[in-house]
There are 2 protein chains.
Amino acid sequence: MAYTSALTALADPTRRAVFERLRRGPVPVGVIAAGLPVSRPAVSQHLRVLKDAGLVCDEAVGARRLYAVDPRGVAELRAWLDRFWDQALDAFKAEVEGKPQPTKRKKSR
Amino acid sequence: MAYTSALTALADPTRRAVFERLRRGPVPVGVIAAGLPVSRPAVSQHLRVLKDAGLVCDEAVGARRLYAVDPRGVAELRAWLDRFWDQALDAFKAEVEGKPQPTKRKKSR
DNA sequence: CTGATGTGTAAGCCATAGCTTACGGTAAGT
DNA sequence: ACTTACCGTAAGCTATGGCTTACACATCAG
């Protein structure tokens, strides 16, 4: 269940800013920190959390280190949310169509 | 930007447990608290946060109050994640095509 | 080899957030 | 009307987490 750590990671505003900055493409740490109101070590710590959550991957390029979004982490989060979406919609539909039973599972796809 | 509060809300493990309990259908507060290792007021506070984030909606039924998942909140989160997914994939593709060996990574699925 | 650049890590401070107990309010049952 | 059940809110305590400064290591330029 890696989506739990992913959600925890994306909860912090600064960390979201870091992550959204990476959306445009691979960026070194210093560049990210330059566009944010926090220090560079803070960005390093945020990247550490995002990496542990499987949301970003890094690559050493000379003295620098490029960070990029890891599509796999995003995919996991999407999968969890989609599963949630389907079940919630089924429950909602059953609720609207007259309420036979609170917890009733029709069909799942 | 309601997805920010949604992500913040889903970061807490207990709050995720509350939310996932609601996935099966509308449930009163007491039932949720009975299945969790926290007190009932704690669950109330969590539901408050989830409601403010647009993830759940409530309905008074007699002395009880039923909470259910609000599909709209889930949809917003999905939209944000999908937009992220597309841009991340584009950046990843451009990175692969542009440079010979940008990042050594396999395709997951 | 020396200095400069880029980065990760450790220690410490402080604000935030989650939990508990206590209380007030509304609805149903007798 | 009185009692019981169910729920939300307030106040307070404590732990977690994010930020900073200081330090250590690796790489490139000269």
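Residues numbered from 1 in each chain as written. Chains lettered and ligands numbered in written order. Predicted model: local features only at pLDDT ≥ 70, side-chain atom pairs only at ≥ 80, totals over all residues. Heavy atoms only, no water.

A. Highlighting the side chain of Arg16 of chain B. Among the secondary structure elements, Arg16 of chain B is positioned in helix H2 (residues 13-22). The buried charged residue Arg16 of chain B lacks any salt bridge, with Glu20 of chain B as its nearest oppositely charged partner at 5.4 Å. When near neighbours in sequence (up to four residues on either side) are disregarded, Arg16 of chain B contacts Tyr3, Thr4, Leu7 and Thr8 of chain A together with Leu10 and Ala11 of chain B. (Helix = DSSP H or I, 4+ residues; strand = E, 2+ residues; numbered from the N terminus. Buried < 20%, exposed > 50% of the residue type's maximum accessible area, 1.4 Å probe, protein only. Lys, Arg positive; Asp, Glu negative; His and termini not counted. Salt bridge = Lys/Arg side-chain N within 4 Å of Asp/Glu carboxyl O. Contact = heavy atoms within 4.5 Å.)

B. Molecular detail of the relation of the copies chain B and chain A. Once turned by 180 degrees and shifted 0.0 Å along the axis, chain B lies on chain A with an RMSD of 0.0 Å. On the angle and the small slide along the axis, the relation comes out as a two-fold axis. Residue Ala11 of chain B, judged by its C-alpha, is the member of chain B lying nearest the rotation axis, at 2.9 Å. Taken together, the interface assignments show that 89% of the residues at the interface of chain B recur at the interface of chain A, consistent with an identical surface on both copies. (Least-squares fit on C-alpha atoms with pLDDT ≥ 70 in both.)

C. Layout of the confidence of the model for chain A. With 82% of its residues at a pLDDT of at least 70, chain A reaches an overall mean of 86. Per-residue pLDDT stays below 50 along residues 99-109 of chain A; that stretch engages in nine contacts with residues further than four places along the chain or on separate chains. (pLDDT = per-residue confidence, 0-100.)

D. Region of interest: the protein's contact with DNA strand D. Taken together, 23 residues are adjacent to DNA strand D, and Ser39 and His46 of chain A together with Gly30, Ser44 and Tyr67 of chain B come closest. A breakdown of the atoms of DNA strand D within 4 Å of the protein gives sugar and phosphate a share of 61%. Between DNA strand D and the protein, one listed contact pairs a phosphate oxygen with a backbone N or O atom of Val29 of chain B at 3.1 Å. Backbone polar atom of Gly30 of chain B to a phosphate oxygen of DNA strand D: 2.9 Å apart, as the coordinates give it. Breaking the surface near DNA strand D down by element, the ones donating at least two residues are helix H2 (13-22) and helix H4 (40-52) of chain A together with helix H3 (29-34), helix H4 (40-52) and strand E3 (64-69) of chain B. Per-element tally for the surface near DNA strand D: the top contributor is H4 of chain B, with five residues. A per-class count over the surface near DNA strand D returns nine nonpolar, eight polar and six charged. (Near = heavy atom within 4 Å. Polar contact = N/O pair within 3.5 Å; in protein donor to acceptor, adjacent residues only side chain to side chain. Nonpolar A, V, L, I, M, F, W, Y, C, P; charged D, E, K, R; others polar.)

E. Structural view of the pairing of strand E2 (residues 56-61) of chain B. All names here are of chain B. Where E2 meets E3, six bridges bridge the pair, whose relative direction is antiparallel. In the sheet register, Ala60 faces E3, and the bridge partner there is Arg65. Counted along the chain from E2 to the antiparallel partner E3, the turn is two residues long, and its residue Gly62 has a positive phi close to 65 degrees. (Pairing = 2+ DSSP bridges.)

F. The pattern of salt bridges, seen in detail. Taken as a whole and assessed by the stated rule, the structure comprises twelve salt bridges over all chains. A salt bridge links Lys51 of chain B to Asp58 of chain B; the nearest nitrogen and oxygen atoms lie 3.2 Å apart. A residue is classified by how much of its surface remains accessible, and Lys51 of chain B, at 38% relative accessible area, is partly exposed. Given the relative accessible area of 22%, Asp58 of chain B is considered partly exposed. The shortest N-O distance in the salt bridge between Asp70 of chain B and Arg72 of chain B comes to 2.9 Å. Residue class for Asp70 of chain B comes out buried when judged on its relative accessible area of 7%. Judged by its relative accessible area of 62%, Arg72 of chain B falls in the exposed class. Three or more residues joined by partner-sharing salt bridges are found here, namely Lys51, Asp58 and Arg65 of chain A.

G. Representation of the sheet that holds strand E2 (residues 56-61) of chain A within the structure. Residue and element names in this part refer to chain A. Spatially, three strands are ordered E1-E3-E2 in an open sheet, and the strand pairing comes out antiparallel. With one partner strand each, in any of the chains shown, strand E1 (27-28) and E2 form the two edges of the open sheet. Contacts from H2 reach E1, E2 and strand E3 (64-69), with the element oriented near 90 degrees to E3. (Axes fitted to C-alpha atoms, helices over the stretch in contact; angles between N-to-C directions.)

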